[in-house]
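Chain and residue survey
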Amino acid sequence: MADIYLDNNATTQCDPKVVEAMLPFFLEQFGNPSSIHSFGAGVGKALGRARKQIQALLGAAHDSEIILTSCGTESDNTAILSALKCFPNRKEIITTTVEHPAVLALCTQLEKEGYTIHRLGVDNKGRLDLEEYKRLLTPNVAIVSVMWANNETGNLFPVVEMAEMAHAVGVQFHTDAVQAVGKVPINLKDTKIDMLSVSGHKLHAPKGIGVLYLKRGSRFRPLFRGGHQERGRRAGTENAASVVGLGKACELAMEHIEFENSHVKALRDRLEQGILAQIPNCFVTGDPGNRLPNTANIAFEYIEGEGILMLLNKAGIAASSGSACTSGSLEPSHVMRAMDIPYTAAHGTIRFSLSRYNTQVEVDRVIAAMPPIVAELRRLSPYWGEDGPVTEPEKAFAPVYG
Amino acid sequence: MWDYSDKVKEHFFQPRNVGALPGANGIGDVGSISCGDALRLSIIVDPDTDVIEDAKFQTFGCGSAIASSSALTEIIKGMKVEDALKVTNDDIADFLDGLPPEKMHCSVMGREALQAAIANFKGEEWADDHEEGALVCKCFAVDEKLIEGLVRANNLHTVQEVTNYTKAGGGCCACHEGIEEILMRVMQERGEIFDADSKPAVVEPEPLPIAATATGGMTTVQRIRRIEAVIESIRPNLRMDGGDTELVEVDGNTIYIKMIGACSSCGMASMTIGGIQQRLMEELGEFIKVVPAEKLAQPPRKVAHG
C-alpha cells in the first residue's frame, strides 16, 4: 500500500503538469531572460505568461503587481521591512499572536531594535478581536501584517475588512496568504490589500519560488538591490523554471478551486467526524465554521504529538503536530497557546491537511489507524486509567517542575 | 524528523515495563507539562537487600522521552539502590546509542525520576535543582539558562569565554548571535556594554629566547609545553561532563590526544576534538591536526627502502 500524505500545509507534491512545464527550462531554454539573443528571448516570454497566470489566480489588476521572490518568508520580510523604510517616522507594527514565524520572528527582532509590536490576541476558537484592532490603528503604525489563513488550524481571518480599516487611516496592509492562495477565492483588485505573500510549494509548484503582490501605487522599497529584474523591486536573475512551474500551478489551482471547496472539504469532514466518533477525549481546535477546506486540527488529550506522528509514520501516514518536541522548542505551538488550549491537549494536537490528490480510501485508512495509536500512547500515559482519564488528572499526576 | 537511533525506536515502539506498579514503595514524578515531557517512575525495593526488584514507568512525552523511560527501567532493575544513584543521564543516552542534542533533556528527566523515586523510598524530600532553558548551542546541547548562569557567576564578557566555560558556540558557530544576546542582556544588568571587538583576557606567553626564533618561533620543548597548556585549559570543561583528555604524542602538525571517561564514548567526541583543534590553531598560530590517540596504534604502512 502506498503511503498517505496528509501534510499539505507543510508542503505539497508538484503537479506532474507543473514539472512537465518546467523541464524545457533546464536543458533547452536555459538563457537569461535579460539577454538580447534568442536563448533569452523565449524565457522572457515564458516568464511573462507565468506572470499572467499568477495575476489571474490572485485577481490582481496588473501583471506588474506580481514581484517574483524566492519564497513566502522572503515576501513577508520584504513587505514589512519595505514599510519601515517607506515610513521611517512610524515605529509601530500590528500583527497577531498566531502568525507564521516568517512574520513573528522578524517582529521579535524589530522589537529588539526599538519598534513597538502590537500582537493581536485570539479567543479560544482562534478569532481576532476587531475592536482591539481598531483601537491600535493609528498613524503611528507603519504596517499591519495579518495572515489570510492560519497554517495550523486553517482559520480564516477577515483580511479584506481589516485592509479597509487600515486604508481608512492611511496604514499599509500586508497579508501572508501562503495557505489561502488556491484554496479560497481571492480577488485583489477589489480589495485595499497593499501586499500579499504567496509560496509556490504550498500549491503544487516547486519549493524555492514565491510572490509578493504589490498594489500599484503602494509605496515600496526593495529588500535586494542589484539588477533591473522585477522592475528593480527584487534584483537577482529569475528562477525561470520555477516561475514557469508556479504559473502552471496557478492555472491548475484556478481549475480546482471549486473541487477543493467541495470534494476535498467533504473528505476533510469525513476524516474529522470519523476520528471524533471513535476516539474519546479529543476535540477540533480553531473555528470549524470558518476555515480552509483542507485542514483539520484535532487535539488528543493526555498524550504527546510526536509519539502519535511516529506511530502514524510506521503505519505509512504523514501528518504534523503542534507539540514542543516535534520542533525541539520548549513550548507547544504558539497558536495552541494563544487559543489557551491546556498543555495536556496542546502537546497532543495533530494537523491533517489534505490536497486534491487524497482519496476516500486513504481517509478511511487513517480513520481506522488512529484509535489503536491513541489507545497505545494512553496506555503509557500517567494521566490515563483503565478506560478513561484518571480522576482529576492534573492532581493525580503533578510532576515536580510543573 | 529526528534522527533517532534504532535502539531509541525499538524502545519507543516496544517499550518495556509500562504502567502502574502495585505495591511500589518508591515513586518519582518529574517533568514539565508545559514542555510536554513528564514521567512517573515506580519502583519496588527490597528493604533488606536494597535491591530494586521491579520498576515500571508511565510517561507523557515524545518518542525519546518514552524510550528513555523504558531504558531507565531496564538499566535499574536488579541494581542496588546505591549503584542506581550513580546512573547518569549519559548512561541512559548511551544505553539508547545516543540521543539528538535537543532530546538530551529526556535522559536528564530519567535520571531525575530515578533520584526522586529513591528519595521517596527513603522517605526523603527530593530537591529539584532543575532549570531548563531554550537550547542555544545544538552542537554541544547547551541551553540558555546554563550559559546565563555561567556568564553571571564568572563575569564573562565574550563569546570566546562562553565557549571556554560551556563549550557552547565551539562547534558550527551558528549560535554566536544567541550567545551575544545573552551576554548583552546580562552585561547590561551589571551596568556594562557588550563589545564584540573585545578580546578575552589571555595570559601573554613569556617572550621566547632569541635562539628559538631560528627554529620557527619556538623550540620543540616550548611548543609542546604550549600545546599542553592549551589542553590543560580545556580539561575543566570536559570534566564537567564526566570526561577528560590527555596529550599523547606530537608529530609535526599532527597532535594525538586520548579521550577519557564520558568523552571516549560521547557521540560528539569528534565535535570536541574539532574544538580542541581550533583552540590549538589559534594559540599556536599554525595549522594543527588533532587526531584521537587510537590512530597511533595503526601507523600508516611505510614502504620499505632498498
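The present account deals with the structure reproduced in this document. Bear in mind the structure is a predicted one, so any value in this text is a computation, not a measurement.

Secondary structure summary: chain A contains 13 helices and 13 strands in total. For 402 residues, the compact-globule formula gives about 21 Å, and the C-alpha radius of gyration of chain A, at 22 Å, lands near that figure. Across its three principal directions, the C-alpha atoms of chain A cover 75 × 50 × 35 Å. Of the contacts formed within chain A by residues at least 6 apart in sequence, a portion of 71% connects residues at least 24 apart.

Membership of the largest hydrophobic core comes to 103 residues, with the highest contact counts inside it found for Ile-308 of chain A together with Leu-41, Ala-113, Ile-147, Ala-168 and Ile-179 of chain B. A per-element tally of this core places helix H5 (residues 104-121) of chain B first, with 9 residues. Those residues within four positions of Ile-179 of chain B in sequence are excluded, and the remaining contacts are Val-136, Ile-147, Val-159, Val-162, Ala-168 and Gly-169 of chain B. If you look at the next biggest cluster of nonpolar residues, it comprises 69 residues, including Leu-188, Leu-203, Ala-205 and Leu-292 of chain A.

What follows covers the pairing of strand S5 (residues 141-145) of chain A. All names here are of chain A. Within S5, 5 of the 5 residues are buried, leaving the element largely enclosed by the surrounding structure. One ladder, built from 3 bridges, connects strand S3 (residues 92-96) with S5; its direction is parallel. By the bridge assignment, Glu-92 is partnered in S5 with Val-141. Relative to strand S6 (residues 172-176), S5 runs parallel, the two sharing 3 bridges. Looking across to S6, one finds that Ile-143 is bridged to Gln-172. Note that the unit made of S5, helix H7 (residues 159-168) and S6 has a crossover that is right-handed.

Bringing the interface of chain A and chain B into the picture now. On the side of chain B, 27 residues touch chain A, which itself brings 29 residues to the contact. The set of elements that each furnish at least two residues to the side of chain A that touches chain B consists of helix H9 (305-314), helix H11 (343-346) and helix H12 (360-380) of chain A. By residue number, the principal contributor to the side of chain A that touches chain B is H9 of chain A, which donates 4 residues. Looking at the side of chain A that touches chain B residue by residue, the class counts come to 16 nonpolar, 8 polar and 5 charged.

All names here are of chain B. The strand order across the open sheet built from 3 strands is S6-S7-S8, with neighbouring strands paired in mixed fashion. Each end of this open sheet is capped by a strand with a single partner; those strands are strand S6 (243-251) and strand S8 (289-292). Recorded for the sheet is a direction-independent mean angle of 30° between the axes of neighbouring strands. Sheet analysis places strand S7 (residues 254-261) next to S8, joined by 4 bridges and oriented parallel. The residue of S8 that forms the bridge with Ile-257 is Pro-292.

Turning to the environment of Cys-139 of chain B, a few remarks are in order. Residues and elements named next belong to chain B. With respect to the helices and strands, the residue Cys-139 is situated in the loop between strand S4 (135-137) and strand S5 (142-143). A count of 20 C-beta atoms within 10 Å places Cys-139 in the buried class. In this structure, the C-alpha to C-alpha distance between Cys-139 and Cys-172, residues 33 residues apart in sequence, is 6.9 Å.

Where the residue is not glycine, phi is negative for most of them; where a peptide bond is considered, it is trans in most cases. Located in the positive-phi region is Arg-231 of chain A, a residue other than glycine, with phi close to 55°. Locating Arg-231 of chain A in the fold gives a position in the loop between strand S8 (210-214) and helix H8 (240-278). Notably, Asn-155 of chain B is not glycine yet its phi reads approximately 55°, a positive angle. Residue position: Asn-155 of chain B is located in the loop between helix H6 (144-154) and helix H7 (159-166).

All names here are of chain B. Spatial strand order, S1-S2-S3: 3 strands in an open sheet with antiparallel pairing. Looking at the sheet topology across the chains shown, the edges are occupied by strand S1 (26-32) and strand S3 (52-60). This sheet shows a mean twist of 15° between the axes of neighbouring strands, independent of strand direction. Alignment of S1 against strand S2 (residues 37-45), held across 7 bridges, turns out to be antiparallel. Across the sheet, the residue bridging to Gly-28 is Leu-41, located in S2. Along the sheet face, helix H2 (residues 63-76) touches S2 and S3 and points at about 175° away from the line of S3. Contacting S1 and S2, H5 crosses the sheet at an angle of about 145° to S1.

Conventions and cut-offs
Residues numbered from 1 in each chain as written. Chains lettered and ligands numbered in written order. Predicted model: local features only at pLDDT ≥ 70, side-chain atom pairs only at ≥ 80, totals over all residues. Helix = DSSP H or I, 4+ residues; strand = E, 2+ residues; numbered from the N terminus. Rg over C-alpha atoms; globule rule 2.2 N^0.38 Å. Contact = placed C-beta atoms within 7 Å. Core = buried A, V, L, I, M, F, W, Y, C linked by C-beta atoms within 7 Å. Buried ≥ 20, exposed ≤ 12 C-beta atoms within 10 Å, placed from the backbone. Pairing = 2+ DSSP bridges. Right-handed = clockwise from strand over helix to strand, strands pointing away. Nonpolar A, V, L, I, M, F, W, Y, C, P; charged D, E, K, R; others polar. Axes fitted to C-alpha atoms, helices over the stretch in contact; angles between N-to-C directions.

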